[in-house]
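# Chain and residue survey
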Amino acid sequence: MAGHEQQHNLSLCFCDLMRLLWSLAVPCAYLSLLLTLLLLLLLLGLRMWLQGRRKARRAQDGGPAVAFFHPYCNAGGGGERVLWCSLRALMHRYPSVSFVVYTGDQEVTGEQILEGARQRFNITLPRPITFIFLHHRVLVEASSYPHFTLLGQSAGSMFLGWEALTAFVPDLYIDSMGYAFTLPIFRYLGGCKVASYVHYPTVSTDMLSVVREGNPRFNNADFISRNPVLSAIKVVYYCCFALLYGLVGSCSDVIMVNSTWTLGHILALWRTPSRTSIVYPPCDVRAFLDIPLDEEEEEEMEEGWEELGRELGSEEEEEAGGDRKCHSIVSVGQFRPEKDHRLQIRAFRKLLDRKGEEPGGRESLRLVLIGGCRNQEDEERVLMLRGLCQELAIDHCVHFKLNVPFEELKRELVDATIGLHTMWNEHFGIGVVECMAAGTIVLAHKSGGPKLDIVVPYEGGQTGFLADSEDSYAAAMETILTLSPASRLEIRRNARRSVERFSDQEFEACFLAAMESLMSKLER
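Residues numbered from 1 in each chain as written. Predicted model: local features only at pLDDT ≥ 70, side-chain atom pairs only at ≥ 80, totals over all residues. Heavy atoms only, no water.

So, on to the packing of aromatic side chains. Considering all chains together, one arrives at 20 aromatic pairs under this definition. On the numbers, 6.0 Å between centres and 50° between planes, the contact of tyrosine 102 with phenylalanine 186 is tilted. Pair noted here: tyrosine 102 is in strand 2 (residues 98-103) and phenylalanine 186 is in helix 5 (residues 183-189), with a separation of 84 residues, a long-range link. On the basis of relative accessible area, phenylalanine 186 is assigned to the buried category, the value being 0%. Through a chain of ring-to-ring contacts, three or more aromatic side chains come together here, namely Phe69, Tyr102, Tyr173, Tyr179 and Phe186. (Phe/Tyr/Trp six-rings, centres within 6.5 Å; stacked < 30°, edge-to-face > 60°. Helix = DSSP H or I, 4+ residues; strand = E, 2+ residues; numbered from the N terminus. Buried < 20%, exposed > 50% of the residue type's maximum accessible area, 1.4 Å probe, protein only.)

Here we take up the pattern of salt bridges. Under the counting rule described, the total for this entry stands at 22 salt bridges. Between aspartate 504 and arginine 88 there is a salt bridge whose closest N-O contact spans 3.4 Å. Linking aspartate 504 in helix 19 (residues 504-522) with arginine 88 in helix 2 (residues 78-93), this pair joins segments that are 416 residues apart in sequence. Pair check on accessibility: aspartate 504 and arginine 88 agree, each one buried. With a closest N to O distance of 2.7 Å, aspartate 378 and arginine 381 form a salt bridge. Linking aspartate 378 with arginine 381, this pair stays in helix 13 (residues 376-391), spanning three residues, or about one helical turn. As far as burial versus exposure is concerned, aspartate 378 and arginine 381 are alike and both buried. What you see here is one network of salt bridges that share partners, running through Arg54, Arg57, Arg58 and Asp171. (Salt bridge = Lys/Arg side-chain N within 4 Å of Asp/Glu carboxyl O.)

Moving on, we get to the environment of threonine 463. Mapped onto the elements of the fold, threonine 463 is located in the loop between helix 16 (448-454) and strand 13 (465-467). Setting aside anything within four residues of it in sequence, one finds threonine 463 in contact with Met436, Ile454, Val455, Val456, Pro457, Tyr458, Ile491, Asn494, Ala495 and Ser498. Looking at threonine 463, its side chain comes within polar contact range of the main-chain oxygen of valine 456, at 2.9 Å. (Contact = heavy atoms within 4.5 Å. Polar contact = N/O pair within 3.5 Å; in protein donor to acceptor, adjacent residues only side chain to side chain.)

In this section: the environment of threonine 482. Relative to the helices and strands, threonine 482 resides in helix 17 (residues 470-482). Only 2.9 Å separates the side chain of threonine 482 from the backbone oxygen of threonine 479, close enough to count as a polar contact.

Two strands pair when backbone bridges link them, and strand 2 and strand 3 (residues 130-133) are joined in this way by four bridges, in the parallel orientation. Counterpart to valine 101 in the pairing with strand 3 is phenylalanine 131. (Pairing = 2+ DSSP bridges.)

Counted under the stated rule, the structure contains zero disulfides. The thiol sulfur of cysteine 239 is not disulfide-bonded, and the nearest other cysteine sulfur, from cysteine 240, lies at 6.9 Å. In this structure cysteine 239 comes out as partly exposed when scored by relative accessible area, which is 35%. (Disulfide = S-S within 2.5 Å.)

Here you go:
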């Protein structure tokens, strides 16, 4: 009897609990509806306030405004070349439109940013632009999020985007740096038309495969790659993030991608094929066409380049340039972790080991790493790379060139025998194209844009080399150095002819064609 009574009491308690939960369900439902309504009213109020600010600004300025979101516009990389070429093309085509750049580079002035663009890229804008300096760029710094970095940076970009939107409300918003989570902020709150130029998808199926296969890389720590449970959790995290990334990316009215590789991933994630097109990034190939390829021409032009070297005032350059027996291996790219400069340095060490037994083998080689530093984290990475060179005892033949002007970059490429690139799944590779245009023999990573779009046969002829490991890089560099002058010359000629499709002029034509549908609406 006691057991039956206890069971009866439990049944009564369960029924009472269910009645309590049901009695709370209705008020909770009403409260949820009320909060949702209040949120919608708040968002509607914010939208009306922002649109009012845009109308007031248009009445004062007398014309539409286009804003580029580029927090690191003074970084000096390939993405910045896209920014300045885009602005130049739009300014020439639409003289009645004003242009704004949202930037977080508070340590410099607008005039210094424009002067940096002129020195690094040989680009001068036809008329002034307005810079909106953002105060919370730290929100998109990877160093701010030791864990869940993608999610943290994306959420931070939304707050940074909100700061940008409240500072200036444009008619057309262009995300030129890959912060897709800012797109719905400007479209639904600001009421702006939005466009995006995607250099690299924030998340991709390749990243998922790295985690699934347990491969340690710069974005997959060793302790995660070795733990199947943590790897499974990270796969779920990436899948959920990819879903969100696809939703925010699909907000864009016009989507431009920089390569075949990026196109495939963006179509898989954003699912907007009718609004997506490939616009190859601009490469200043014309600036390199005066560099001679023939050995006879090189002898005739040698005096001119030596004079240019003296004008640059670099004693080290004169010493290296004066010795024609010295083979220079040049890398052009920002000092970001994914550029994998460590692979370049280690492969170069293996090349020296291979050449060590030859007379003058080591002394005839030098590695030159040219690139820009976006922030203190990049500068610390350069210090770490210098330390690696000392550890491998090759610091005497590895040279770092930071934030160099365009003419010095050109001079280094003139003297180079090999152009080196090591980024896995590089979205495109402007540095690779510049090396090919300058007449260096390119050795790029066997993946991404270099493999699919750049280092491909031209009219049946070879345009460069591909590798994917320390040993294969060292072997390829040794092969290039042992080629006959005639064989090297043929590859250089094929490479130079093949990169004409990546010129500034081709970019501007394709970019303007992609933006025509949005820009024509602004001028009405």
